[in-house]
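# Tertiary structure, described
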Amino acid sequence: MKAIAVKPMQKNSLQLIDLPRPEINDNEVLLKVLYVGVDGTDREINEGIYGTAPEGSDYLVIGHECLALVEEVGSNVQNFKKGDLVVPTVRRPCPENCFNCRNFESDMCLTGNYLEHGIYKLNGFASEFAVSDADYLVKVPKELRDVAVLLEPLSIAEKAVYQSYKIQERMIWDPKKAVVLGIGPLGLLIAFLLRLKGLDTYVIGRDPSDSLRVTIAKEVGAIYVNTRETPLSTIGKFDMVFEATGSVSLALEAIDMLNHNAVFCLLGIYREVKECGNFGNVLTELVLRNRVIFGSVNANKRHFEMGLEHIFEIEDRWNNVLNRLITRELKPEQFAEALKKYPEDIKTVIRFQSSP
Ligand SMILES: [Zn+2]
């Protein structure tokens, strides 16, 4: 079968390889992959920044955003049958099976030794057939076949928004204004969730105002601010801030945008080395204004299930807007093209079955 794989830690090693169709054990499900979404993690794996092959293999099959049909189930698998539409979650428990992992919260793993499909020690889903443990599959209604490949990135947005609200249960709280830094797929998905909650939602980016991403942000009722034209310091204070660009400078600037009692969720990987002028002042302001800054990574099955409910609401309210986030659909042979980034791209997907 066709599979898109890298030789881990080797720059630009991505290639289409031929692998035998995988075997499943009693607790696993064989997936017939329909779509795999591409994101920054896949690009960084191809840049050789991280990625680890399964034990005994030279290759890591990439792909962690997936929509698939169940092809075959192991003898212990009760809840799935051939033909079910499913999305697999990404992370699997650490070998130590820590407290959080054994309670189905591997996104909050205590040891950091968790496994991840398509990233760390487990093959991903960018292949004609793939394998997942049945416990980590989310069943998807058939009518979501065109958009459910977005469920994995949506699960990241769900966790960020859910945890922000959960943390704020520390007090009485009535948020009015939220801002999302970043207008990529994750930023837009967070903005959709915030608009569903009725918040005045600002989205920050560097796109020209006629770009598709800006058009979509405005269609869901968000206010777009282009940082090339408008300094962040002029748009007021916010009760919720979501940082999805990975820019240290922007994240530091955004701390000043926090209202009293506000919550700030960081979602990027901050590689830039940056001095922070007066960090004491930042800390003092956290105290005096009861601010919270927290990080959020990955998502567990519950967040995928929350996402499923919201997909219906999002599609109903904004006329199939999710479909418009998928701006390119390519074949497995076009893997190199799939990883390229064009200004008008939102989400690129690879289709693994020739019939839609
Ligand atoms: Zn763990």
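A few points on the structure. (Residues numbered from 1 in each chain as written. Predicted model: local features only at pLDDT ≥ 70, side-chain atom pairs only at ≥ 80, totals over all residues. Heavy atoms only, no water.)

Turning our eyes to something else, we now look at the layout of surface pockets. Volume-wise, the second largest pocket comes out at about 300 Å³. Lining of the second largest pocket is provided by 20 residues; of these, Pro 22, Pro 54, Leu 122, Asn 123 and Val 131 occupy positions nearest its centre. Counting residues per element, the ones that place at least two in the lining of the second largest pocket are strand 8 (115-117), strand 9 (121-122) and strand 10 (129-133). Counting residues per element, the lining of the second largest pocket draws most heavily on strand 10, at three residues. In the lining of the second largest pocket, the residues fall into eleven nonpolar, four polar and five charged. (1 Å grid on protein atoms, 1.4 Å probe; cavity = no way out; pocket = protein on both sides within 12 Å on 5 of 7 lines; lining within 4 Å. Points joined across faces, edges and corners; volume = space filled by probe spheres on them. Helix = DSSP H or I, 4+ residues; strand = E, 2+ residues; numbered from the N terminus. Nonpolar A, V, L, I, M, F, W, Y, C, P; charged D, E, K, R; others polar.)

Another point: the packing of helix 3 (residues 151-167) against helix 8 (residues 301-317). Relative orientation of the contacting elements helix 3 and helix 8 amounts to 100°, with a least axis distance of 8 Å. Here helix 3 lies roughly perpendicular to helix 8, going by the angle between them. Packed against helix 3, whose contacting residues are Leu 151, Glu 152, Leu 154, Ser 155, Glu 158, Lys 159 and Tyr 162, the element helix 8 presents Arg 302, His 303, Phe 304, Met 306, Gly 307, Leu 308, His 310 and Ile 311 at the interface. A breakdown of the residues in the contact of helix 3 with helix 8 according to their chemical character gives seven nonpolar, four polar and four charged. (Axes fitted to C-alpha atoms, helices over the stretch in contact; angles between N-to-C directions. Parallel < 35°, antiparallel > 145°, perpendicular 65-115°, else oblique. Contact = heavy atoms within 4.5 Å.)

This part is about the pairing of strand 13 (residues 200-205). The buried count for strand 13 comes to five of six residues, which makes it a mostly enclosed element. In this sheet, strand 13 lies alongside strand 12 (residues 177-181) in parallel orientation, the contact comprising five bridges. From the neighbouring strand, Ala 178 faces strand 13, where its bridge partner is Thr 201. Both strand 13 and strand 14 (residues 223-226) contribute to a ladder of four bridges, which runs parallel. The residue of strand 14 that forms the bridge with Gly 205 is Asn 226. (Buried < 20%, exposed > 50% of the residue type's maximum accessible area, 1.4 Å probe, protein only. Pairing = 2+ DSSP bridges.)

What follows concerns the pattern of salt bridges. Note on pairing: side chains with opposite charge can pair once their charged atoms come close. This structure, assessed with the given rule, holds 19 salt bridges. The shortest N-O distance in the salt bridge between Glu 285 and Arg 289 comes to 2.4 Å. Where salt bridges share partners, they join Arg 328, Glu 337, Lys 340 and Asp 345 into one cluster. (Salt bridge = Lys/Arg side-chain N within 4 Å of Asp/Glu carboxyl O.)

This part covers unusual backbone geometry. The residue Met 9 is not glycine, and still its phi comes out positive at about 70°. Even without being a glycine, Asn 298 presents a positive backbone phi close to 60°. You can see Asn 298 is positioned in the loop between strand 17 (292-295) and helix 8.

A word on the environment of Phe 192. Along the chain, the position of Phe 192 falls in helix 4 (residues 185-196). By relative accessible area, which is 0% here, Phe 192 ends up buried. Residues Phe 192 and Ile 311 lie 119 residues apart in sequence; the distance between their C-alpha atoms is 9.8 Å. Setting aside its immediate chain neighbours within four residues, Phe 192 contacts Ile 216, Val 220, Ile 314, Trp 318, Val 321, Leu 322 and Leu 325.

Another point: empty space enclosed by the protein. Taken as a whole, this structure holds one cavity of 30 Å³ or more when the rule is applied. Empty space within the largest cavity amounts to approximately 60 Å³. Classifying every residue of the lining of the largest cavity gives three nonpolar, three polar and three charged.

Moving on to the coordination of the zinc ion. At this site the zinc ion is bound by Cys 94 (SG), Cys 98 (SG), Cys 101 (SG) and Cys 109 (SG), with donor distances of 2.3 to 2.4 Å. One chain supplies every donor to the zinc ion, and in sequence these donors are spaced C-x3-C-x2-C-x7-C. Of this pair, Cys 98 sits in the loop between strand 7 (91-92) and helix 2 (99-102) while Cys 109 sits in the loop between helix 2 and strand 8, and the two are eleven residues apart along the sequence. Of the two residues examined, Cys 98 and Cys 109, each falls in the buried class. (Donors = N, O, S within 2.8 Å, 3.2 Å for Na, K, Ca; no water.)

Quick look at the packing of helix 3 against helix 4 now. As a packed pair, helix 3 and helix 4 sit with axes 9 Å apart at the nearest point and diverge in direction by 50°. As judged from the angle between their axes, helix 3 and helix 4 are oblique. Taken as a pair, helix 3 and helix 4 cross one another with a handedness that is right-handed. On helix 4, the residues that touch Pro 153, Leu 154, Ile 156, Ala 157, Glu 158 and Val 161 of helix 3 are Leu 186, Leu 189, Ile 190, Leu 193 and Leu 194. Among the residues making up the contact of helix 3 with helix 4, the classes are represented as ten nonpolar, no polar and one charged. (Left-handed = near helix turned anticlockwise from the far one by under 90°.)

The strand order across the open sheet built from six strands is 14-13-12-15-16-17, with neighbouring strands paired in parallel fashion. Of all the strands in the sheet, just strand 14 and strand 17 have a single pairing partner and so form its edges. On average, each strand axis in the sheet is inclined to that of its neighbour by 20°, with strand direction left out of account. Contacting strand 12, strand 13 and strand 15 (238-243), helix 4 crosses the sheet at an angle of about 170° to strand 12. Sitting on the sheet, helix 6 (residues 248-255) touches strand 12, strand 15, strand 16 (258-266) and strand 17, and the angle it makes with strand 16 is about 160°.

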